[in-house]
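Chain by chain, the residues:
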Amino acid sequence: MQYCDQSAQTRFPMSNITYKTAHGALPWVVLVAALLPIARAAELDRSLDAIDSKVVAWRRDFHQHPELSNREVRTAKIVADHLRKLGLTVETGIAQTGVVGLLKTGRPGPTIALRADMDALPVVERTDVPFRSTVKSNYRGEEVGVMHACGHDSHVAVLMGVAEILAGARDKLRGNVLFVFQPAEEGAPPGEEGGASVMLKQGIFDRYKPEVAIGWHAWASINTGTIGYRSGPFMAGSQAWKAVVTGRQTHGSRPWQGIDPIVVAAQIINGLQTVVSRQVDITRNPAVVSVGAIKGGVRNNIIPDSVEMIGTIRTFEAAQYEQVTQAMQRIVEKTAEANGTSATFTLDPYRNPVTYNNPELTARLLPSLRKIAGDSNVKEIALITGAEDFAYFAQAVPSFFFMVGVTPQGTDVTTAPANHSPLFYLDESALPLATRAMTQIVMDYLMVSAQR
Ligand SMILES: [Zn+2]
Ligand SMILES: [Zn+2]
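Reading the values: the criteria
Residues numbered from 1 in each chain as written. Chains lettered and ligands numbered in written order. Predicted model: local features only at pLDDT ≥ 70, side-chain atom pairs only at ≥ 80, totals over all residues. Heavy atoms only, no water. Pairing = 2+ DSSP bridges. Helix = DSSP H or I, 4+ residues; strand = E, 2+ residues; numbered from the N terminus. Axes fitted to C-alpha atoms, helices over the stretch in contact; angles between N-to-C directions. Contact = heavy atoms within 4.5 Å. Donors = N, O, S within 2.8 Å, 3.2 Å for Na, K, Ca; no water. Core = buried A, V, L, I, M, F, W, Y, C linked by side-chain atoms within 4.5 Å. Buried < 20%, exposed > 50% of the residue type's maximum accessible area, 1.4 Å probe, protein only. Phe/Tyr/Trp six-rings, centres within 6.5 Å; stacked < 30°, edge-to-face > 60°. Lys NZ or Arg CZ within 6 Å of the ring centre and 35° of its normal. Expected span 1.5 Å × (residues − 1). Arc of directions from axis to C-beta. Parallel < 35°, antiparallel > 145°, perpendicular 65-115°, else oblique. Left-handed = near helix turned anticlockwise from the far one by under 90°. Nonpolar A, V, L, I, M, F, W, Y, C, P; charged D, E, K, R; others polar.

Engineer: Explain the sheet that holds strand β17 (residues 378–380) to me, and be specific about the residues and the numbers.
Structural biologist: To summarise the sheet geometry, strands pair through backbone hydrogen bonds and adopt either a parallel or an antiparallel arrangement. Across the sheet, which stays open at both edges, the eight strands sit in the order β1-β2-β6-β3-β7-β18-β8-β17 with mixed pairing between neighbours. In this open sheet, the two edge strands, each paired with only one partner strand, are β1 (89–94) and β17. Between one strand axis and the next, the sheet turns by 25° as a mean value, whatever way the strands run. Note: strand β7 (residues 212–223) against strand β18 (residues 399–407), eight bridges, orientation parallel. Following the sheet pairing, G215 is matched in β18 by F401. Against the sheet, helix α11 (residues 431–446) touches β3 (111–117), β6 (176–182), β7, β8 (227–229) and β18, its axis set at about 155° to β7.

Engineer: Before we move on, could you go through the coordination of the zinc ion (ligand 1) and cite the residues and values that matter?
Structural biologist: Distances from the zinc ion (ligand 1) to its protein donors, C150 (SG), E186 (OE), E186 (OE) and H420 (NE2), fall within 2.0 to 2.8 Å. All donors of the zinc ion (ligand 1) belong to a single chain; written as a sequence motif, their spacing is C-x35-E-x233-H. Taken as a pair, the zinc ion (ligand 1) and the zinc ion (ligand 2) lie 3.0 Å from each other and share C150 as a ligand. Of this pair, E186 sits in the loop between β6 and α5 (196–201) while H420 is found in the loop between β18 and α11, placing the two residues 234 residues apart along the sequence.

Engineer: So what's going on with the nonpolar core? Residues and values would help.
Structural biologist: Counting residues in each nonpolar core, the largest one holds 70 residues, and the members touching the most others are I112, L114, L166, F179, F181, I214 and F402. Non-local contacts of F179, meaning those with residues more than four positions away in its chain, are made with L88, V99, V100, G101, L103, L114, L159, V162, A163 and L166. Counting residues in each nonpolar core, the second largest holds 28 residues, with A95, V198, I204 and F205 among its members.

Engineer: I'd love a proper account of the coordination of the zinc ion (ligand 2), names of residues and values included.
Structural biologist: C150 (SG), H152 (NE2) and H217 (NE2) make up the full set of protein donors to the zinc ion (ligand 2), lying at 2.1 to 2.5 Å. Each donor residue of the zinc ion (ligand 2) belongs to the same chain, and together they define the spacing C-x1-H-x64-H.

Engineer: How would you explain the pairing of β6 if you had to name every residue and give the values?
Structural biologist: For β6, the buried fraction is high: seven of the seven residues fall into the buried class. Alternating positions in β6 separate into two faces, N176, L178, V180 and Q182 on one and V177, F179 and F181 on the other, with burial throughout. Relative to β6, strand β2 (residues 98–104) runs antiparallel, the two sharing six bridges. Among the inter-strand pairings, V99 is bridged to a residue of β6, identified as F181. By the bridge criterion, seven bridges tie β3 to β6 in an arrangement that is parallel. The partner of A113 across the bridge, within β6, is L178.

Engineer: Break down the packing of aromatic side chains for me, with residues and values.
Structural biologist: Under the counting rule described, the total for this entry stands at six aromatic pairs. Aromatic pair W241 and F345: ring centres 6.0 Å apart, planes at 35°, arrangement tilted. Taken together, the positions of W241 in strand β10 (residues 237–246) and F345 in strand β15 (residues 343–352) put the pair 104 residues apart, joining distant regions of the chain. Under the relative-accessibility criterion, W241 is labelled buried at 3%. Site record: aromatic cluster; members linked through ring pairs are F205, F390, F393 and F401. Sitting over the ring of Y321, R351 keeps its end group 3.4 Å from the ring centre.

Engineer: Which residues make up helix α8 (residues 318–338), and what values do they have?
Structural biologist: Along its 21 residues, α8 runs 30 Å from first to last C-alpha, staying within 8% of the 30 Å computed at 1.5 Å per residue. Along α8, the positions that sit buried rather than exposed are Q320, Y321, V324, T325, A327, M328, I331, V332, T335 and A336. Along the axis of α8, the buried positions cluster into a sector of 160°, meaning they face one direction only. Of the residues in α8, the exposed ones pointing more than 90 degrees away from the buried face are A318, E337 and A338. Looking at the buried positions of α8, the neighbouring elements they touch are β10, α7 (261–279), β12 (288–295), β14 (306–315) and β15.

Engineer: Go over the packing of helix α9 (residues 359–373) against α11 with me, naming the residues and quoting the values.
Structural biologist: Where α9 contacts α11, the two axes come as close as 9 Å, and the packing angle between them is 130°. Of the possible angle classes, the one that applies to α9 and α11 is oblique. The handedness of the crossing between α9 and α11 is right-handed. Between α9, through L361, R364, L365, S368, L369, K371, I372 and A373, and α11, the contact on the second element is made entirely by L433, R436, A437, Q440, I441, D444 and Y445. Taken together, the residues of the contact of α9 with α11 break down into nine nonpolar, two polar and four charged.

Spelled out as structure tokens, the structure:
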């Protein structure tokens, strides 16, 4: 994708996307009593238009200066400075680099939490955008490139924009808005903790008591102008696992003098394929079992002492998770036993829960999204087997997480580089939709006249 030398507004024309706001849905003949809210809505529209170019500029700056998980120092400082300038109460250093800001309206009402994740990935950027990242960092002892290949740069920029809009509209609102900028969504570096669960452990929801939490993700599998959502389970729970097969080392020419763990591992890998295909009721929920790496042996003529395998499990339901992990354990241990040896099966202590959209909250918020994107552009989408640590917030309070398409209209989403690809391309003309969607949700939820 080439960039020409124009302003952000003209470079990314938005004429093909309809943004309807609250007043735009009203008939032209209205009661005099309704004129004030209309004037206010028009005022809000103007602020939203003004914020769009700021959001793009912030996003490009973050894109050019990406930071790995738990290292989001520069990003967090920019966020905290911005929130302070807006007059919010700001806390920093939560879960290492996390920032929260509280916007108080001074009127009684609920607190709504809005979340953006700040971290980038160890990926060498291969896009040709002029603000592409050339940053290098250290990850697992190796020098790596760093890239916002998951669009978290846009999440931060949009939420900064939403904070600015809502800070200017606080006289129209009741309750509070809690802005949560979290580190390490992609997972903390080895030996560290991080992310949403640590922010919760450090008490942010205990202190601010949000009634609900809302988040969104820039999503390459959807075209610009479309919002994807799902009620109930939405993104998978993920669980890393490890199996170690014990063998007995011997010469490759005399396998009968040892126990060959490579053959046992091969049988286990084949056996694991039957967990999803033969043992899980896939009409209820899908599941995924993958082997990601296998390690054993150093030389062509030595049968090794052991083989280690690691992989991931994706499920959408607690009972199915139990069934899958028990079946895997049985296959690993019993296959080894059948070969006259033993194997261990262990689950990583870190388990990302299912991202669950509260059905009542989803139903309540959908009209806000439809107002902004247009009815036909808010679509129920399939389950996503990727995991998202917003799931922890969704376990703590009723929550809603949605996807905003960032692949340019006219581009086939099935061939567009996915999130995490070095070629991941975020169409910035999608960002006004995200800014307006988050703003509209809060306006509708906390509007002074809102009935509960
Ligand atoms: Zn990601
Ligand atoms: Zn992400």
